[in-house]
Amino acid sequence: MFISRFFGRTLMAAAKSEPSAAAASSTARTGYNPLEEFFEADRGRDDDKPVVYGRSWKAPELRLKSWDDLHKLWYVLFKEKNMLMSQRQMLHAQNLRFPHPERLPKVRKSMCRIKHVLTERAIEEPDPRRSSEMKRMINAL
């Protein structure tokens, strides 16, 4: 049993430390950097079409969503807000104009509407203990 554990751990460690040739070549090509998520991908010069961005979420649409869907949407919007604010700050430091500044208020409105819908659900909760717990969590967002 000790030998099987030892060899199993040794083989697992070797597998983790030595990636396959295909995996090594794919990571060398892509070079994923998590900080790239804070900035929007640059568009090429051949993209002359104007980019059309969506609208903010309406409260009636959000009322139809489940708790999990609203949670996922909150973090997608949170990530988008961070990306837009990072990009705006970077461009401001370089004395460049922030393209499409109307996107940030749309994201903020959607986030406020999610909080509103969640607060409505917390108020309608019949159990007062669960209601107060929900309100505390919503206020922490």
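Residues numbered from 1 in each chain as written. Predicted model: local features only at pLDDT ≥ 70, side-chain atom pairs only at ≥ 80, totals over all residues. Heavy atoms only, no water.

**Student:** Would you take a moment to explain the pattern of salt bridges for this structure?
**Tutor:** Oppositely charged side chains may form a pair once their charged atoms are brought near each other. According to the stated counting rule, one finds four salt bridges in the structure shown. Across the pair E80 and R103 runs a salt bridge whose closest N-O atoms are separated by 2.8 Å. Taken together, the positions of E80 in helix α4 (residues 67-93) and R103 in helix α5 (residues 103-124) put the pair 23 residues apart, joining distant regions of the chain. The exposure class assigned to E80 is partly exposed, which follows from its relative accessible area of 26%. E125 is the partner of R130 in a salt bridge, and the nearest nitrogen-oxygen pair spans 3.7 Å. Note on R130: relative accessible area 46%, which makes it partly exposed. Residue E125 is classed as partly exposed on the basis of its relative accessible area of 22%. (Salt bridge = Lys/Arg side-chain N within 4 Å of Asp/Glu carboxyl O. Helix = DSSP H or I, 4+ residues; strand = E, 2+ residues; numbered from the N terminus. Buried < 20%, exposed > 50% of the residue type's maximum accessible area, 1.4 Å probe, protein only.)

**Student:** Is there a simple way to explain unusual backbone geometry in this structure?
**Tutor:** Phi is mostly negative for residues that are not glycine, and the peptide bonds are mostly trans. Positive phi values are uncommon outside glycine, yet N95 reaches one of about 55 degrees. Locating N95 in the fold gives a position in the loop between α4 and α5. Overall, N95 belongs to the exposed group, its relative accessible area being 71%. Backbone geometry places H100, a non-glycine residue, at a positive phi of 55 degrees.

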